[in-house]
Amino acid sequence: MNVFCEQLDGITVVSVEGELAVPDSDKFKDFLMQRLENGIIDMVIDFKDVPAIDSSGISALLALLQAARRKGGDIRIASTNERIDEVFKQVGLQHVFKKFTSRDDGVASFSSMEII
């Protein structure tokens, strides 16, 4: 698995290549937790090149989401495939993460005013 970060309109876009699964999910989580500790609290994780995710990947995402929200930020998901969408539904997370069809839409959502 490879992970790349870039800034787009002040938001960190995390591009992942490969499965988000054992044994790489801990490295993925640690890599992004370090960024959260350094003040990068708003991220869009781009799943365009992620064919599958397992329970360790889900656990890593949840830990990152909780850490970001504790710091006043958010983790948003973009470009998931049907297989990943199904995993999110099976574990009841389809409404936990804000999901977008593209990373650009995910980035733009941070600047949009949300009406409650």
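Worth saying up front: this structure is predicted, and the values here are computed from it rather than measured. Numbers given to residues run from 1 along each chain, matching the order in which its sequence is written. Local features are withheld for residues below a pLDDT of 70 in this predicted model, meaning they are given only at 70 or higher, and side-chain atom pairs are given and counted only at 80 or more; totals for whole chains, interfaces and linings count all residues. Hydrogens and water are ignored here; the side-chain numbers use all heavy atoms of the structure.

## Section: the overall build of the protein
Every helix listed is a DSSP run of H or I at least four residues long, and every strand listed is a run of E at least two residues long, numbered separately from the N terminus. A count of helical and extended segments in the protein gives four helices and five strands. Ordered by position from the N terminus, the helices and strands of the protein form the series β-β-α-β-α-β-α-β-α. On the principal axes, the C-alpha backbone points of the protein span a range of 35 × 30 × 25 Å. Any residue under 20% of the maximum accessible area for its type is buried, any over 50% is exposed, and the rest in between are partly exposed; the area is computed with a 1.4 Å probe on protein chains only. The burial tally for the protein puts 41% of its 116 residues in the buried class.

## Digging into the sheet that holds strand E4 (residues 74–78)
Taken together, five strands build an open sheet; the order of strands is E1-E2-E3-E4-E5 and the sheet is mixed. Only two strands of the sheet have a single neighbouring strand rather than two, namely strand E1 (2–8) and strand E5 (98–100). On average, each strand axis in the sheet is tilted by 25 degrees relative to the strand beside it, whichever way the strands run. Strand pairing requires that DSSP identify at least two bridges connecting the strands. With three bridges joining them, E4 and E5 adopt parallel strand pairing. Looking across to E5, one finds that isoleucine 77 is bridged to lysine 99. What makes two residues a contact is simply this: any of their non-hydrogen atoms within 4.5 Å. Helix axes are fitted to C-alpha atoms over the stretch in contact, other axes to C-alpha atoms as well, and angles between N-to-C directions run from 0 to 180 degrees. Packed onto the sheet, helix H2 (residues 55–70) meets strand E3 (42–49) and E4 and runs at close to 140 degrees relative to E4.

## Quick word on the nonpolar core
We call a set of buried Ala, Val, Leu, Ile, Met, Phe, Trp, Tyr and Cys residues a nonpolar core when their side-chain atoms join them within 4.5 Å. In this structure, Phe28, Ile45, Phe47, Ile53, Leu61, Ile75 and Phe97 are the most contacted members of the largest nonpolar core, which totals 25 residues. The leading source of residues in this core is H2, at seven residues.

## What to know about the packing of aromatic side chains
Only Phe, Tyr and Trp rings are paired, with Trp represented by its six-membered ring, and only when their centres lie within 6.5 Å; those with planes under 30 degrees apart are stacked, over 60 edge-to-face, the remainder tilted. In this structure the tally under the stated criterion is one aromatic pair. Note on phenylalanine 88 and phenylalanine 97: the rings are 5.8 Å apart at their centroids and 70 degrees apart in plane angle, and the pair reads as edge-to-face. Here phenylalanine 97 falls in the buried class, since its relative accessible area comes to 4%. Lying across the ring of phenylalanine 31, arginine 35 places its NZ or CZ 3.6 Å from the centre. The aromatic ring of phenylalanine 88 is capped on one face by lysine 99, whose charged end is 5.4 Å from the ring centroid. A ring is scored as having a charge over it whenever the NZ atom of a lysine or the CZ atom of an arginine sits within 6 Å of its centre and within 35 degrees of its normal.

## A word on the pairing of E3
In the case of a regular strand, side chains alternate between the two sheet surfaces. Two strands pair when backbone bridges link them, and strand E2 (residues 11–17) and E3 are joined in this way by five bridges, in the parallel orientation. When the sheet's bridge partners are listed, serine 15 is paired in E3 with aspartate 46. Taken together, E2, helix H1 (residues 25–37) and E3 constitute a β-α-β crossover, and its handedness is right-handed. Pairing between E3 and E4: five bridges, direction parallel. Crossover handedness is defined here as right-handed if the route from the first strand over the helix to the second strand goes clockwise, with the strands pointing away from the viewer.

## Section: H2
Along an α-helix, residues three or four positions apart point the same way, because every turn accommodates 3.6 residues. Spanning 16 residues, H2 covers 23 Å between terminal C-alpha atoms, matching the ideal 22 Å at 1.5 Å per step. Every buried residue belonging to H2 is among Ser56, Gly57, Ile58, Ala60, Leu61, Ala63, Leu64, Leu65, Ala67 and Ala68, and all of these are buried. Each element contacted by the buried residues of H2 is listed here: H1, E3, E4 and helix H3 (82–90). Among the residues trailing H2, glycine 72 stands out with phi positive, at a value near 90 degrees. What a helix should span is 1.5 Å times the count of its residues minus one.

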